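One-letter residues, chain by chain:
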Amino acid sequence: MISTVRITLFLLLTSFTVYAQWETVASLQGTHSDLVKAIVPRGTTLQYAVGNDVVLSSNQGDDWTVRHRHTMPNQVNGITRYHDVSLASENVGYVAYQNKIFKTTDGGGAWTSVLELTQTHAKYQASAYFSALHFTDDHHGFAVGDFKKIFKTSNGGATWETISRDNATTPFTSYTGVYFQDSHRGYVVGYQVDDIHMNFGFEPFILRTDDGGAHWDRYEIPSTGDYRKMSVQFVNDKTGFVHGTNSQSRDAIFVTHDAGETWSPCGPGGLQEIRCTYWLTETIGFASGDNDFYVGASYRTDDGGAHWELLDMPKGGTFPQGIINDIRFSDVAHGFAVGSGGHIAVTKDGGETWSSGNPFHPMYYALASDEEATLYATPGDGLHRSADGGASWQRAVSPGGMLAQSIQVTAPGEGYLYGYSNYLYRFAQDGTHFEELTLPVRFQYSHELIATSDSVYLAGATLVPMDKNMFVKTGDGGKTWTTYTIDDDALHTLVALYRHDNVFFAATTGAVFHSTNGGKSWKKLSDFGTNTITALCFLDKNIAVCATAAGDVRRSADGGVTWTDVTAPFPADNNTFRGFFAVDANTVYVFGSTNADNGVYGAIWKSDDRGISWKRESLPDRIDRTISAMTMDAEYLYATGGNSQVIRKVKSAGEIPTPLEPGAEERPLTLYPVPADETLMLALSGLVSDVSIQDAQGMRRPAVIEHAGDGLYRIALQDIAPGVYVLEVAQGDWLRRARFVKK
């Protein structure tokens, strides 16, 4: 009698205790946070790197300590608008975020709101928003923003004086930067435009006061750069610098030697975008941003901007240089630069040479594991490898110009790296060898891949042929390809590809399809209309789950034809789902981000009942932005998010491998023929309770097994594609397994 047996559990070589909690893998002694401000409080040599963490060096950059982690009143990154930080002293500081100003008295551990504005213009929230603030000591400070907004406090934020504010939109005036040398002499920079809706014709200017803001003189800055953001710094009573950014052409730096009355350009020619500037003296200055090829670069001048020298900034260990958001010096020799992914660079010679103070941590777009528990990840420009479960990473020598966002491992040390446009690489030898595969079509942005041994299947939206969703496959390692069309809908691009036996499932942003003949022809199963699909997963041929851009999760029990909404715990418009990860036919995770506490943070939800009900997982630390990928090995589930943060948990009940019978690993299964074709024979004494087959992607299916005589069992392979598999056999409470090849 032929019977289909249930999916078995994973295999463990040793027994262990079950822990359901997630734990942080890599040490967080340093910071992974995006750092946006470098601050040295007046009268000190303390160096503060501030982002979502507050990081401090009290010895001129030799050592860095996370003073406070995730305690800021709002989440930030390098492009956060309407945000600024000012630390007046070691413990007293202020944050402006949108329409609020917060104060700390313990160096950033706790924050109290000291000012909150309401809209004065019904159409524009920015009528209540601040762009910048500056404090000269613990008590005296100024905050500026759109609609000619200038506010002043003289008592540490207890009360605020409105110096200037209006509702005019024709013309529209925005104050974007403020700098005070003391409580009397100060400057405000901004722009004026004829109409608030115009994105050209900006007129930059600077305001100067000598009486604490009671009276102001206005001076024009000669430029047609249309800068939406301007900042200002003065190094003495006469010499100051203005930095204009967020322009439609090139950013610029201007200098004055007469207290702001006249200005001339002095910026480096090698930067298209200037992200930050700092002037140590009236002659020594720094600028960092992106060059004409959108590659990060930093420059130094020692003649007031007449000439600039390209700096060799640290690469953050084995990782490429990250974005630098701000630069400061605590004296003429000691300085530091802060940036994305926790990147801190330090100098002790006035900025001529730099070294790493805290390494740059990139965001990982994909995460995968092989059978030897080696993890692989990609930050988009190559392959990273970890042999210690994600605690430390080594960068593989990847081909130049590679752009990748996905990984699939097919065997220990082997797999595929793929993603943007037509990038498809096969790697081997633990990522030390790469081979680029030439595809028969040209994909647009990204594509989905399934690989088994020499067979590779890809699907995605294409540029050539124009505006199609195509399916391509090869059975000879990429030497020859066959192409088929999934659909001709140019408005909806492909986001997912799954395979169960010889049935393929594909999802575009607007519909779900399947093919029952190996991808030759495709049938639309369901149409989602305007509710965009962002992720999809088939647990078997019938059960599927998907996520949409509206922040909801849906489930299908009829192979993707009809879908029902899953409600709790997915409140509408509060979550963004990045993808699904199926552990087996019953257990599936969905991961992405959720909105909370003025920020977006990584989140994971789990279903143990095939997607019917879900529960949010408790994570060990706040993950900035999103959980970007998940994977598993024999013992752990892994997830990565934020800036290469890796967390893991031991598999819980239903996911936990069953321990082998003592000595069973020394008695392997006997399988023949090798390789197998239509039938695989299993020789094993004793009763067999369960048998399953696991493919290279970790997906399991019940095996079709027939008793063929004393100690012999016949396993049907007709519906199994060629490739390398693992056969798992259960005898009572014990599991055994062995590899086999289907030719």
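Located above this text is the structure these notes cover.
Residues numbered from 1 in each chain as written. Predicted model: local features only at pLDDT ≥ 70, side-chain atom pairs only at ≥ 80, totals over all residues. Heavy atoms only, no water.

## What about the sheet that holds strand β17 (residues 186-193)?
Here's step 1: With antiparallel pairing, four strands are arranged side by side in an open sheet as β16-β17-β18-β19. One side of each edge strand has no neighbouring strand; the edge strands of this open sheet are β16 (172-180) and β19 (217-220). With strand direction ignored, the average angle separating the axes of adjacent strands in the sheet is 25°.
Here's step 2: Alignment of β17 against strand β18 (residues 203-209), held across seven bridges, turns out to be antiparallel. Residue pairing for β18: Val189 is matched across the bridge by Ile206. (Pairing = 2+ DSSP bridges. Helix = DSSP H or I, 4+ residues; strand = E, 2+ residues; numbered from the N terminus. Axes fitted to C-alpha atoms, helices over the stretch in contact; angles between N-to-C directions.)

## Side note on the pairing of strand β38 (residues 424-428)
Here's step 1: Judged by how many residues are buried, β38 sits mostly within the fold: five of five residues are covered.
Here's step 2: Neither face of β38 is exposed, since Leu424, Arg426 and Ala428 on one face and Tyr425 and Phe427 on the opposite face are all buried.
Here's step 3: Judged from the four bridges that link them, strand β37 (residues 414-418) and β38 form a sheet pairing that is antiparallel. When the sheet's bridge partners are listed, Leu417 is paired in β38 with Tyr425.
Here's step 4: In this antiparallel pair of consecutive strands, β37 and β38, the connection spans five residues, and Gly419 shows a positive phi of 155°.
Here's step 5: Of the pairings in the sheet, the one linking β38 to strand β39 (residues 433-436) comprises four bridges and is antiparallel in character. (Buried < 20%, exposed > 50% of the residue type's maximum accessible area, 1.4 Å probe, protein only.)

## Some words on the packing of aromatic side chains
When we look at a pair of aromatic rings, we describe it by the centre distance and by the angle of the planes.
Here's step 1: Considering all chains together, one arrives at 37 aromatic pairs under this definition.
Here's step 2: Summarising the aromatic geometry, the rings of Phe528 and Trp563 are spaced 5.6 Å apart at their centres and angled 65° between planes, so their arrangement reads as edge-to-face. Remark: Trp563 occurs in the loop between β50 (553-556) and β51 (564-566) and Phe528 occurs in the loop between β47 (523-527) and β48 (533-538); sequence separation between them is 35 residues.
Here's step 3: Relative to Trp614, the ring of Phe580 lies with its centre 6.3 Å away and its plane at 55°, an arrangement referred to as tilted. Of the two residues, Phe580 is situated in strand β52 (residues 575-582) and Trp614 in the loop between β54 (599-607) and β55 (615-616); the sequence distance between them amounts to 34 residues.
Here's step 4: According to the relative accessible area criterion, Trp614 is buried, its value standing at 8%.
Here's step 5: Here a set of aromatic residues connected by ring pairs shows up, and it is made of Tyr124, Phe147, Phe172, Tyr191 and Phe202.
Here's step 6: It is Lys149 that lies over the ring of Phe130; its NZ or CZ is 6.0 Å from the centre. (Phe/Tyr/Trp six-rings, centres within 6.5 Å; stacked < 30°, edge-to-face > 60°. Lys NZ or Arg CZ within 6 Å of the ring centre and 35° of its normal.)

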